[in-house]
Amino acid sequence: MVSANAALIGGLIEACREVIAANADHLSELDRAIGDGDHGTNMRRGLEAVYAERNRLVQLPLPKALEETGLTLVMSVGGAAGPLYGTLLIEIGRQLAGATGQIDFARALEHAIDAVARRGRASPGDKTLLDVLYPVHAEVVRRAGLAGISEQAERAASLTSGMKAMRGRAAFLGDRSVGHVDPGAKSCSLLTAAICRFLEEQCPA
Amino acid sequence: MVSANAALIGGLIEACREVIAANADHLSELDRAIGDGDHGTNMRRGLEAVYAERNRLVQLPLPKALEETGLTLVMSVGGAAGPLYGTLLIEIGRQLAGATGQIDFARALEHAIDAVARRGRASPGDKTLLDVLYPVHAEVVRRAGLAGISEQAERAASLTSGMKAMRGRAAFLGDRSVGHVDPGAKSCSLLTAAICRFLEEQCPA
Amino acid sequence: MKKFMNRAETLVAESLAGFVAAHERLVVFGADSRFVRRRNLRPDKVALISGGGAGHEPMHVGFVGEGMLDAACTGHVFTSPTPDQIIAAIRETDRGEGCLLIVKNYDGDVMNFEMAAELAAEHRIATVIVRDDVNPSGSKRSQGRRGVAGTLVFEKLLGAAAEARWRLDDLSALGEDLNDRIRTVGVSLSGVTVPETERETFVLNEDEMEMGVGIHGEPGRARLKFATADEIVETMLKAILKDLEPKRSDKLLLFINGFGGTPVSELYLAYNSTRARLQSLGLTVARSLVGTYVTSLGMAGLSITVAGLEERELSLWDAPVNTAALRWGG
Amino acid sequence: MKKFMNRAETLVAESLAGFVAAHERLVVFGADSRFVRRRNLRPDKVALISGGGAGHEPMHVGFVGEGMLDAACTGHVFTSPTPDQIIAAIRETDRGEGCLLIVKNYDGDVMNFEMAAELAAEHRIATVIVRDDVNPSGSKRSQGRRGVAGTLVFEKLLGAAAEARWRLDDLSALGEDLNDRIRTVGVSLSGVTVPETERETFVLNEDEMEMGVGIHGEPGRARLKFATADEIVETMLKAILKDLEPKRSDKLLLFINGFGGTPVSELYLAYNSTRARLQSLGLTVARSLVGTYVTSLGMAGLSITVAGLEERELSLWDAPVNTAALRWGG
Ligand SMILES: Nc1ncnc2c1ncn2[C@@H]1O[C@H](COP(=O)(O)OP(=O)(O)O)[C@@H](O)[C@H]1O
Ligand SMILES: Nc1ncnc2c1ncn2[C@@H]1O[C@H](COP(=O)(O)OP(=O)(O)O)[C@@H](O)[C@H]1O
Ligand SMILES: [Mg+2]
Ligand SMILES: [Mg+2]
Ligand SMILES: [Mg+2]
Ligand SMILES: [Mg+2]
């Protein structure tokens, strides 16, 4: 029998893997415009590695599973996306594991996003995946519903189009980076949406 | 005052230079199909070098002028065409210079063509400029008029299209060389025609 | 774009296997083939480790050997290696004198090497981040300079110094110092096709070039009209010299680097033009390197690197080196 | 096709000037810049002279230096040098032991070198005509084999032998002997643009390749469907082995040569595939060389050269060489 925990973790892995597989070409396309054209390939490689380890991961308590998933991403993605997504999950996992009493997911997420920002030496408005993570966190804080989070993530990704990149490869383009959606922001909004959709299916309203 | 000899030599140089300049692109085009695409450039470089020395050359007796022209071609053309056209002119010049009594141009030409064939280790039907030179010689022997020689040269050049190359770069193509006119044959027929035209203008029938 | 390969997924591994086999006297694979290292590691020596995405060959594996790197970690095409590769290289090559990580300034590379250093904290580790690309924007907040062809110069000089048994701190200081004295600018005449995506990174018309490109087939800082070699060199040198401000007494290293699709003869022509221009400005070219060393797959284009070297660095440059791609002295 | 140049007419001269300046410790221009020669000529030594059209760089100038050539004459792009250049090189480098001319088997080269030898008859001159290209037609009357990438192997082995003070006759005999034991076949993925004509020599579709090409951007013997590296290698090796018929006891030199537009990483991948295939046939790769040495301007493609060497030639191969493009030992 599959435990509730295993079903949750397995489902999340499956949902993330699917959305990346379906959008890998599009993500690489975005990366070609202002980067080096491999973001989709990188993300797919990472999610496939996680998927390959799903049997081990679903056995773990959620915090540990998140941390291990992050580590797997770090060791398989390479490029900028690996350490960033990896740090995000590792830190969420560690925060949740270290939490005593009431688990505050918003706090855990905040800490983790700050760790990502430190890792990337990046700030809001730099045209990176942080420009999706911060708004998502804000929605979580104000307890918007899953649909709201999902919508906000999508909107935030689109908004990166107007930004001038200050971090990542796109920064080398200077003003020429304006007018293109950031690939990392896009993958982040896609993953957010996929996770929200999955959670919604699990616990409808 | 320009001597008759100087006018003849100068006129020949001028006529040859002109016809090559006007057809250089076409010759390179033919060479691209079955060679390395430089025959027009090579020939133009040679004729320009000869042209640059015309003041010296026109002072020489015709046999010496031919020999020196040949040497200039050898030292400026490079590639296969340089030694071949060079040998042709050097040998005609030497034959004419060595001739005692009645000058037999047909004999001189025959010797020179044999020297070209030896230089190129080539035989009739190998799809080279020799496939124009031999027929031209035959016309000279049977004392065809200038127009006849000119026509025959053109016909002979076209006929190389049906041949399989056995010498020169085109030989490496094997059967794939069939169906293309040989660039060296073409330059040879163009030069023949230009010379005949010039001589006709000089001494109309 | 046709490529000699079997499958995109195995291209890097097959190519590395060929490299190691072809140079078996010089190099071997590290544990699990996760990196390439010198066949004979030297004792009492700081270990020099570099790496980056594949697609820049012969860099970095071609610089592994005596007088240069101890190990090189290769990622997927244009993708930083992952920390586990770097950690494995640290563990296998550190002989007690510590490790110097030489990292090109790309966020992906910087972050992956940084995570590796954190995860291998039991080793003494210093990091040099190579920033040789000119930065015409000059903006402080932006990323600043990339690590491009000048990386070769860093690896050669630091490699010679490590071979001469410099300590980790001193190597680290030399690396910092070099960042002020080495400048590169690149121009490209074509985009590149990343094997896994099979599309060109950008497309140029017959009369266009990208100025200020890096080594990942990414667009440059400006798209300009293609011009004569002398004009292109003038544009590039202007950017370099404005930034580097060499003095007439300086001894310059001039390095013309092909990006992979540019014939050797054109590199020498560009060298000729660059050297003539430097000399006309009263500057002295004391050392030269011309070749295809730091590439962007098969991109047509080249970069010019100028380094102002002092006597100490000149002798480090001249010191023997014996690697697959760079070899002299000895 | 964009090229780094100023004018097509001066491209070769400017590139050579850059080459000589970049390698001023190794080479100098001969009289009137008509050829490139070693800076220090050795006494009592047969002078080795080679040359050919430009567009094959680094060959031949990149092979001038200790252990290899004494002089190299460069013609216009894909056009044999003229006899005056060759004569000048003979006069300047012959130190009384005679000259060996190493000539690739192209009618233009053969005839120009031949005329030079006739016009410089006061010198003792022998000629080796390199014929390493496989000749699947096998026809006797046709030209037979071209001189292609295997020329490097000739120049290396003959260069080492000349350095060891072999006499002219013995060098000449070694050259003849090598013609039976070195075979090359080339494949190209693109035509080339000759600078003076500005048109591509041939145009291939995305799924086509030319098999059996030479080094002048000319079409090959057959146009085939593009395939995986393993399949391409199999086709090429089949042609070579049929012709060379190596024995299991032979020690093979395997040389993968890029034509100018093929990334180094792909050359190593091809090497990996070729070596694996040879080994699966029970054959031994004793020496290896992988790189961009004998080019056809910026042509995308590569050639495979296999040579069956005996102990004597293996040590000639290993002997020190110090040229711009090839350097080891010493
Ligand atoms: N320093 C950074 N801080 C935050 N995010 C970054 C940083 N650098 C890159 N990114 C994000 O990573 C994405 C690119 O990832 P990817 O293409 O996989 O890596 P790479 O740039 O190494 O090829 C960018 O679109 C951006 O969102
Ligand atoms: N061995 C030969 N004998 C006679 N003619 C030859 C021979 N080799 C080449 N040719 C002639 O030379 C022509 C090619 O000249 P060119 O293109 O200038 O030289 P290259 O082949 O060296 O590029 C051929 O079309 C052919 O007519
Ligand atoms: Mg990317
Ligand atoms: Mg030709
Ligand atoms: Mg990348
Ligand atoms: Mg030619």
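For clarity, every value in this text was computed on a predicted model and none was experimentally measured.

1. Details of the site of ligand 1
Now for step 1: Around ligand 1, the surrounding shell holds 21 residues, and the nearest of these are His39, Asn42, Gly120 and Asp182 of chain A together with Asp107 of chain C.
Now for step 2: At ligand 1, the nearby residues belong to more than one chain, namely chains A and C.
Now for step 3: In this structure, Asp38 of chain A approaches ligand 1 through a side-chain N or O atom, which is 2.9 Å from an oxygen atom.
Now for step 4: Considering ligand 1 on its own, with 570 Å² of exposed area, one finds that the protein chains cover 97% of that surface.
Now for step 5: Of the residues forming the shell around ligand 1, the biggest block, three residues, is contributed by helix α9 (residues 183-202) of chain A.
Now for step 6: Considering only residue class, the shell around ligand 1 consists of seven nonpolar, seven polar and seven charged.

2. Some details on the coordination of the magnesium ion (ligand 5)
Now for step 1: For the magnesium ion (ligand 5), the protein coordination sphere consists of Asp36 of chain A (OD), Asp38 of chain A (OD) and Phe78 of chain C (O), at 2.1 to 2.3 Å.
Now for step 2: For the pair the magnesium ion (ligand 5) and the magnesium ion (ligand 3), the metal-to-metal distance amounts to 3.5 Å, and Asp36 of chain A bridges them. Exposure class is identical for Asp36 of chain A and Asp38 of chain A. Each is buried.

3. Considerations on helix α9 (residues 183-202) of chain B
Now for step 1: With 20 residues, α9 of chain B should reach 28 Å at 1.5 Å per residue; the first-to-last C-alpha distance of 29 Å fits that figure.
Now for step 2: Looking at where α9 of chain B begins, the residue whose side-chain oxygen comes 3.2 Å from the main-chain nitrogen of Gly184 of chain B is Asp182 of chain B.

4. Topic: the interface of chain D and chain C
Now for step 1: With 52 residues of chain D at the interface, the matching set in chain C holds 52 residues.
Now for step 2: Carbon and sulfur atoms supply 58% of the area that chain D and chain C bury against each other, a total of about 4,700 Å² over both sides.
Now for step 3: For the interface between chain D and chain C, the tally reads two salt bridges.
Now for step 4: With a shortest N-O distance of 3.5 Å, Arg275 of chain D and Glu24 of chain C are connected by a salt bridge.
Now for step 5: Seen at the junction of chain D and chain C, the total is 26 residue pairs in polar contact (both at pLDDT 80 or more).
Now for step 6: Going through the elements one at a time, α1 (11-22), α6 (229-244), α7 (264-280), β12 (284-291), β13 (301-309) and β15 (327-328) of chain D are the ones with two or more residues in the side of chain D that touches chain C.
Now for step 7: Looking at the side of chain D that touches chain C, its residues break down into 24 nonpolar, 15 polar and 13 charged.

5. Digging into the state of the cysteines
Residues and elements named next belong to chain C.
Now for step 1: Per the stated rule, a full pass over the model turns up zero disulfides over all chains.
Now for step 2: Not part of a disulfide, Cys99 finds its nearest cysteine sulfur in Cys73, a span of 10 Å.
Now for step 3: Classification of Cys99 by relative accessible area gives buried; the value is 0%.

6. Observations concerning the packing of aromatic side chains
Now for step 1: This model, assessed by the stated rule, comprises eight aromatic pairs over all chains.
Now for step 2: Taking 6.0 Å as the distance between ring centres and 75° as the angle between the ring planes, the aromatic pair formed by Phe172 of chain B and Tyr106 of chain D counts as edge-to-face. Taken together, the positions of Phe172 of chain B in the loop between α8 (146-159) and α9 and Tyr106 of chain D in the loop between β6 (99-104) and α3 (107-119) put the pair across two chains. Judged on exposure class, the residue Phe172 of chain B and its partner Tyr106 of chain D are both buried.
Now for step 3: Here the aromatic rings of Trp317 of chain D and Trp328 of chain D are separated by 5.2 Å at their centres, their planes lie at 50°, and the arrangement is tilted. With Trp317 of chain D in helix α8 (residues 311-318) and Trp328 of chain D in strand β15, this residue pair connects regions lying eleven residues apart in the sequence.
Now for step 4: Overall, Trp317 of chain D belongs to the buried group, its relative accessible area being 3%.
Now for step 5: Residue classification places Trp328 of chain D among the buried positions, given a relative accessible area of 16%.

7. Quick look at the coordination of the magnesium ion (ligand 3)
Now for step 1: Every protein donor of the magnesium ion (ligand 3) is listed here as Asp31 of chain A (OD), Asp36 of chain A (OD) and Asp38 of chain A (OD), and their distances to the metal cover 2.1 Å.
Now for step 2: Along the chain, the residues donating to the magnesium ion (ligand 3) are arranged with the sequence spacing D-x4-D-x1-D.

8. A closer look at the site of ligand 2
Now for step 1: Near ligand 2, the surroundings consist of 21 residues, among which His39, Gly120, Asp182 and Gly184 of chain B together with Asp107 of chain D are the closest.
Now for step 2: Its free accessible area being 570 Å², ligand 2 has 97% of it covered by the protein chains.
Now for step 3: For the shell around ligand 2, the secondary structure elements donating two or more residues are α2 (39-52), α5 (81-98) and α9 of chain B.
Now for step 4: Looking at which element gives the most residues to the shell around ligand 2, the answer is α9 of chain B, with three residues.

9. Regarding the side chain of Ser189 of chain A
Residues and elements named next belong to chain A.
Now for step 1: Along the chain, the position of Ser189 falls in helix α9.
Now for step 2: Here Lys186 takes part through its backbone oxygen, which lies 3.1 Å from a polar atom of the side chain of Ser189.
Now for step 3: Setting aside residues up to four positions removed in sequence, Ser189 forms contacts with Val132, Ala153, Glu154 and Ala157.

10. What to know about the domain arrangement of chain C
Residue and element names in this part refer to chain C.
Now for step 1: By the assigned domains, chain C splits into domain 1 (9-180) and domain 2 (182-317).
Now for step 2: Taking only C-alpha atoms into account, the centre of domain 1 sits 22 Å from that of domain 2.
Now for step 3: Each side of the interface is counted separately: domain 1 has 38 residues, and domain 2 has 37 residues.
Now for step 4: Both faces considered, domain 1 and domain 2 share a buried interface measuring about 3,100 Å² in area, 64% of it formed by carbon and sulfur atoms.

11. Some remarks on α3 of chain D
Now for step 1: For α3 of chain D, spanning 13 residues, the distance from its first C-alpha to its last is 18 Å, which sits close to the expected 18 Å at 1.5 Å a residue.
Now for step 2: Along α3 of chain D, the positions that sit buried rather than exposed are Asp107, Gly108, Asp109, Val110, Met111, Asn112, Phe113, Met115 and Ala116 of chain D.

12. Digging into the packing of helix α5 (residues 81-98) of chain A against helix α6 (residues 105-120) of chain A
All names here are of chain A.
Now for step 1: Close contact between α5 and α6 brings their axes to 8 Å; oriented N to C, the two are set at 145°. Handedness of the α5/α6 crossing: right-handed. In this structure, α5 contributes Pro83, Leu84, Thr87, Leu88, Glu91, Ile92, Gln95 and Leu96 to the contact, and α6 contributes Phe105, Ala108, Leu109, His111, Ala112, Ile113, Ala115, Val116, Arg119 and Gly120.

13. So, the sheet that holds strand β3 (residues 47-54) of chain D
Residues and elements named next belong to chain D.
Now for step 1: Across the sheet, which stays open at both edges, the six strands sit in the order β1-β2-β5-β3-β6-β7 with mixed pairing between neighbours. The strands lining the two open edges of the sheet, one partner per strand, are β1 (27-29) and β7 (125-130). Here the average twist between neighbouring strands, direction ignored, is 25°.
Now for step 2: Where β3 meets strand β5 (residues 71-77), five bridges bridge the pair, whose relative direction is parallel. When the sheet's bridge partners are listed, Gly52 is paired in β5 with Thr74.

14. Concerning the arrangement of the chains
Now for step 1: A comparison of contact numbers over the three pairs of chains in contact places chains C and D at the top.
Now for step 2: At no point do chain A and chain B touch; the closest pair of C-alpha atoms across them sits 37 Å apart.

15. Digging into the relation of the copies chain D and chain C
The relation between the two chain copies is a rotation about an axis coupled with a shift along that axis.
Now for step 1: Note on the copies: chain D fits chain C at an RMSD of 0.0 Å, the axial shift is 0.0 Å, and the rotation between them is 180°. Accordingly, the operation relating the two chain copies is best matched by a two-fold axis. Minimal C-alpha distance to the rotation axis in chain D is attained by Gly261 of chain D, lying at 2.2 Å.
Now for step 2: Mapped onto chain C, 100% of the interface residues of chain D are again interface residues, and the two copies thus contact each other with one and the same surface.

16. A closer look at the UniProt feature "domain: DhaL" (unreviewed entry) in chain A
Now for step 1: UniProt annotation of "domain: DhaL" (unreviewed entry) refers to residues 7-197 of chain A when read in the numbering used here.
Now for step 2: End C-alpha to end C-alpha, residues 7-197 of chain A measures 15 Å, and it is 72% helix and 0% strand.

17. Quick word on the interface of chain C and chain A
Now for step 1: Chain C puts 41 residues into the contact, and the matching count from chain A is 34 residues.
Now for step 2: Counting each side, the surface lost to burial between chain C and chain A is near 3,100 Å², with a carbon and sulfur contribution of 53%.
Now for step 3: Applying the counting criterion to the chain C and chain A interface returns four salt bridges.
Now for step 4: Here Arg119 of chain A makes a salt bridge to Glu118 of chain C, at a shortest N to O gap of 2.8 Å.
Now for step 5: The interface formed by chain C and chain A contains 13 residue pairs in polar contact (both at pLDDT 80 or more).
Now for step 6: Contributions of two or more residues to the side of chain C that touches chain A are made by β5 (71-77), α2 (83-93), α3 (107-119) and β10 (222-225) of chain C.
Now for step 7: Looking at the side of chain C that touches chain A element by element, the count peaks at nine residues for α3 of chain C.

18. Quick notes on the environment of Ala194 of chain A
Residues and elements named next belong to chain A.
Now for step 1: Tracing the sequence through the fold places Ala194 in helix α9.
Now for step 2: A relative accessible area of 3% places Ala194 in the buried class.
Now for step 3: Setting aside anything within four residues of it in sequence, one finds Ala194 in contact with Ala15 and Val19.

19. A short note on the sheet that holds strand β15 (residues 327-328) of chain C
Residue and element names in this part refer to chain C.
Now for step 1: With antiparallel pairing, three strands are arranged side by side in an open sheet as β4-β14-β15. Among the strands making up the open sheet, the edge pair consists of β4 (65-66) and β15.
Now for step 2: Bridge count for strand β14 (residues 321-323) against β15 is two bridges, and the pairing is antiparallel. Among the inter-strand pairings, Val321 is bridged to a residue of β15, identified as Trp328.

20. Points about the packing of helix α1 (residues 11-22) of chain C against α7 of chain D
Now for step 1: Running from amino to carboxyl end, α1 of chain C crosses α7 of chain D at an angle of 75°, the nearest separation of the two axes being 7 Å. One element, α1 of chain C, and the other, α7 of chain D, form an angle in the roughly perpendicular class. On α7 of chain D, the residues touching Leu11, Glu14, Ser15, Ala17, Gly18, Phe19, Ala21 and Ala22 of chain C of α1 of chain C are Ser265, Tyr268, Leu269, Tyr271, Asn272 and Arg275 of chain D.
Now for step 2: Looking at the contact of α1 of chain C with α7 of chain D residue by residue, the classes come out as eight nonpolar, four polar and two charged.

Basis of the calculations
- Residues numbered from 1 in each chain as written.
- Chains lettered and ligands numbered in written order.
- Predicted model: local features only at pLDDT ≥ 70, side-chain atom pairs only at ≥ 80, totals over all residues.
- Heavy atoms only, no water.
- Near = heavy atom within 4 Å.
- Polar contact = N/O pair within 3.5 Å; in protein donor to acceptor, adjacent residues only side chain to side chain.
- Areas by Shrake-Rupley, 256 points an atom, 1.4 Å probe, with all protein chains shown as cover.
- Helix = DSSP H or I, 4+ residues; strand = E, 2+ residues; numbered from the N terminus.
- Nonpolar A, V, L, I, M, F, W, Y, C, P; charged D, E, K, R; others polar.
- Donors = N, O, S within 2.8 Å, 3.2 Å for Na, K, Ca; no water.
- Buried < 20%, exposed > 50% of the residue type's maximum accessible area, 1.4 Å probe, protein only.
- Expected span 1.5 Å × (residues − 1).
- Contact = heavy atoms within 4.5 Å.
- Buried area = accessible area lost by both parts, 1.4 Å probe.
- Salt bridge = Lys/Arg side-chain N within 4 Å of Asp/Glu carboxyl O.
- Disulfide = S-S within 2.5 Å.
- Phe/Tyr/Trp six-rings, centres within 6.5 Å; stacked < 30°, edge-to-face > 60°.
- Domains from an automatic or database assignment.
- Axes fitted to C-alpha atoms, helices over the stretch in contact; angles between N-to-C directions.
- Left-handed = near helix turned anticlockwise from the far one by under 90°.
- Pairing = 2+ DSSP bridges.
- Least-squares fit on C-alpha atoms with pLDDT ≥ 70 in both.
- UniProt positions renumbered as here; feature names shortened; annotations may be inferred.
- Parallel < 35°, antiparallel > 145°, perpendicular 65-115°, else oblique.

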